[in-house]
Amino acid sequence: MAWDFATEPTFQKQLDWMRCFVDTDIIPLELISGDLDQPQLDILLAPLKEQVKAAGLWATHLPPEYGGQGMGQLPLALMHEVLGRSVLAPEVFGNQAPDSGNAELLAVGANEEQKKRWLYPLMAGELRSSFCLTEPDTAGSDPTTIRTTCRRDGDQWCLDGHKWFSSNASVADFLLVMAVSDPDAPPHQRAAMVVVPRNTPGLILMRDVGTMAHANEDGALMRRIGGHTELRFENCRVPLDHMIGAPGEGFLLAQKRLSGGRIHHGMRMIGQCLRAYDMLCERAASRQLRGQALGSMQRVQDMVADSASEITMARLLTLHAAWRMDHVDARESRVDIAMVKYQVPRILYQVLDRAIQLHGALGYSTDLPLEEMYRQARALRIADGADELHRQTIARAVLRDVKPVTGWPTEHIPTQRAAALERFGVLLESLSSKAPRA
Ligand SMILES: Cc1cc2nc3c(=O)[nH]c(=O)nc-3n(C[C@H](O)[C@H](O)[C@H](O)COP(=O)(O)OP(=O)(O)OC[C@H]3O[C@@H](n4cnc5c(N)ncnc54)[C@H](O)[C@@H]3O)c2cc1C
């Protein structure tokens, strides 16, 4: 009987330390760092990163041979629940997206020379990276349709194409780019993964796209983590040794970076849920209306109860998916991961909406973090694959194992009753003949 919902006491102590550190030392910096550029932000965060390293909690997502701490998915998930309380916390702990996923990709796909050049410095926090798959002119939900090309020309790869929503590209030292290397191959074997360092001629960073999270009306490059860049490759050339894996292996490699990342995103969302939930409960207990606390009203109690149970459901779903990844593997856990990816953002949205509602005008105002959290949360139903795609993954996997029937459904009562009578009829008759007469 191996089910166990307890956290090891030594790890719980680390989680407690993280929670205190995030709330006391990182969240306050969110409030005063909005106008800083990246070098200034780096200076502000550097001493905090040293504390994380001293606590042995830096870059926990990969094993020590790559410079990480080698936690399994379950402890990582619990850790991300704490880090999710703040948008800056993953950066301070060295496991922020997209760098963490890119490091996972390089760990499985790069050769030793490439690891030395890009993976180890990435894990040490000396380099930043971006992942460039999505294009404005093709549907990101079907990445086999990408049009950016990667053509061999002598001893170079030559890239041409248009990408956007490449997170952090305006501050990245290198980009991991998915581009078509083998146009005539089967769809999932057409693309390659190529490293394009910053300042490569022909890499044109156009703008960081304004979003619900960052308005950016003048279309400038933010040059700060959190931006989503639109960029072009125009006759952009890199040496042959900048390809990770072989031509045509891009999809295989891209899959490696997605699975764990989606669980960590899920747990970070639960961290956001819990922060909003704490605010919701505090307001329910504190705000007085007609001489009573809001929380004494049944509709408000419904909000508290629904939020508490939905967060618990989301948490268990996500921890179970993490546990499955540790015990089977990412491929076998695809359906579990898809459930997390589409359910948790919906729950986060509902909890945030209730917290805003219960704070009235204050909830709608910028005096509380709720409105910003609400705007940020909207992206999560699209980024890393739209909800519909994940629902489709689940339904297809479920239906693949279902045997179709001809005629009546299996649970058709008249058919089942007839079968039961045929099986037990004689026994039933003998029982009625033995029944005592009135
Ligand atoms: C904040 C943020 C960060 C991102 N970071 C990155 C990044 O770092 N690198 C990168 O390459 N990309 C990134 N993206 C892009 C993201 O991966 C894509 O937006 C996503 O894959 C959807 O692709 P699309 O935008 O082209 O929408 P489309 O594929 O055009 O889909 C549009 C809509 O169609 C519907 N739809 C799609 N498929 C189905 C279906 N099977 N059934 C029914 N309806 C469907 C959905 O409602 C979907 O939202 C990011 C996006 C966001 C919002």
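Rules used throughout
Residues numbered from 1 in each chain as written. Predicted model: local features only at pLDDT ≥ 70, side-chain atom pairs only at ≥ 80, totals over all residues. Helix = DSSP H or I, 4+ residues; strand = E, 2+ residues; numbered from the N terminus. Buried ≥ 20, exposed ≤ 12 C-beta atoms within 10 Å, placed from the backbone. Contact = placed C-beta atoms within 7 Å. Expected span 1.5 Å × (residues − 1). Bend = angle between axes of the 7 residues up to and from the residue. Core = buried A, V, L, I, M, F, W, Y, C linked by C-beta atoms within 7 Å. Near = placed C-beta within 6 Å. Nonpolar A, V, L, I, M, F, W, Y, C, P; charged D, E, K, R; others polar. Axes fitted to C-alpha atoms, helices over the stretch in contact; angles between N-to-C directions. Parallel < 35°, antiparallel > 145°, perpendicular 65-115°, else oblique. Left-handed = near helix turned anticlockwise from the far one by under 90°. Domains from an automatic or database assignment. Pairing = 2+ DSSP bridges.

Regarding the overall build of the protein
- Helix and strand counts for the protein stand at 13 helices and 10 strands.
- Each of the 438 residues in the protein was classed as buried or not, and the buried ones make up 40%.
- Counting contacts in the protein only where the partners sit at least 6 residues apart, residues at least 24 apart contribute 71% of the total.

As for helix H13 (residues 413-434)
- Taking 1.5 Å as the rise per residue, H13 with 22 residues should run 32 Å; its terminal C-alpha atoms sit only 28 Å apart, a clear shortfall.
- In H13, a bend of some 65° at Phe424 exceeds every other bend along the element.
- Of all 22 residues in H13, 0 are buried, a share of ten percent or less.

Looking at unusual backbone geometry
- Going from Ala97 to Pro98, the amide bond is cis rather than trans, its omega being 0°.
- One non-glycine residue, Asn168, lies in the positive phi region at around 65°.
- Among the structural elements, Asn168 can be located in the loop between strand E3 (156-167) and strand E4 (174-180).
- Accessibility expressed as a C-beta count within 10 Å gives 25 for Asn168, which makes it buried.
- Its identity is not glycine, yet Asn235 carries a phi of approximately 50°, on the positive side.
- Tracing the backbone shows Asn235 in strand E7 (residues 228-239).

Structural notes on the nonpolar core
- If you look at the biggest cluster of nonpolar residues, it comprises 100 residues, and the most contacted ones within it are Val194, Val196, Cys273, Ala276 and Leu352.
- For this core, the element with the highest residue contribution is helix H9 (residues 334-358), accounting for 13 residues.
- Excluding residues that lie within four positions of it along the chain, Val194 makes contacts with Cys150, Trp157, Leu159, Val177, Ala179, Val238, His242 and Met243.

Notes on the site of the ligand
- Taken together, 21 residues sit near the ligand, with Leu133, Gly140, Ser141, Ser167 and Glu388 positioned nearest.
- Mapped onto the shell around the ligand, the elements with two or more residues apiece are strand E1 (129-132), E3 and helix H12 (387-400).
- The residue inventory of the shell around the ligand, partitioned by class, reads 11 nonpolar, 8 polar and 2 charged.

Topic: helix H2 (residues 38-54)
- For H2, spanning 17 residues, the distance from its first C-alpha to its last is 24 Å, which sits close to the expected 24 Å at 1.5 Å a residue.
- Bending of H2 peaks at approximately 40° at the position of Leu45, with proline Pro47 no more than four residues after it.
- Gly56 lies just past H2 and shows a positive phi near 70°.

Here we look at the packing of helix H7 (residues 250-286) against helix H8 (residues 298-327)
- Direction vectors running N to C along H7 and H8 enclose 160°, while the axes themselves pass 10 Å from each other. The orientation of H7 relative to H8 falls into the category roughly antiparallel. The two elements H7 and H8 cross, and the hand of that crossing is left-handed. Two secondary-structure elements touch here, H7 through Ser259, Gly260, Ile263, Gly266, Met267, Ile270, Cys273, Leu274, Tyr277, Leu280, Cys281 and Ala284 and H8 through Val300, Met303, Val304, Ser307, Ile311, Ala314, Arg315, Thr318, Ala321, Ala322 and Met325.
- Taken together, the residues of the contact of H7 with H8 break down into 17 nonpolar, 5 polar and 1 charged.

A word on the environment of Glu91
- Checked against the element boundaries, Glu91 lands in helix H4 (residues 89-92).
- In this structure Glu91 touches Leu45, Gln96 and Ile225, once residues within four positions along its chain are discounted.

Considering the domain arrangement of the protein
- Looking at the assigned domains, one finds that the protein contains domain 1 (9-123), domain 2 (129-244) and domain 3 (252-400).
- Taking only C-alpha atoms, the centre of domain 2 and the centre of domain 3 are 30 Å apart.
- The residue inventory of the side of domain 2 that touches domain 3, partitioned by class, reads 6 nonpolar, 1 polar and no charged.

Here's the deal with the environment of Arg346
- Checked against the element boundaries, Arg346 lands in helix H9.
- Take Arg346: there are 16 C-beta atoms within 10 Å of it, and that puts it in the partly exposed class.

What to know about the pairing of E3
- Bridge count between strand E2 (residues 149-153) and E3: 5 bridges; the pairing is antiparallel. Bridge pairing in E3 links Cys150 to Leu159.
- The antiparallel pairing of E2 with E3 creates a hairpin that spans 2 residues between the two strands, and Gly154 there sits at a positive phi of about 65°.
- Pairing of E3 with E7 involves 9 bridges; the strand directions are antiparallel.

Remarks on the packing of helix H3 (residues 73-83) against H7
- Their axes nearest at 6 Å, the elements H3 and H7 cross at an angle of 40°. Like other packed secondary-structure pairs, H3 and H7 cross with a definite hand, here right-handed. Seen from H3, the contacting residues are Gln73, Leu76, Ala77, His80, Glu81, Val82 and Leu83; seen from H7, they are Gly260, Ile263, His264, Met267, Arg268, Ile270 and Gly271.

A few points about the environment of Val22
- Along the chain, the position of Val22 falls in helix H1 (residues 9-32).
- For Val22, a count of 22 C-beta atoms within 10 Å puts it in the buried group.
- Val22 has contacts with Ile27, Val82, Leu83, Arg85, Ser86 and Ala89, leaving out every residue within four places of it along the chain.

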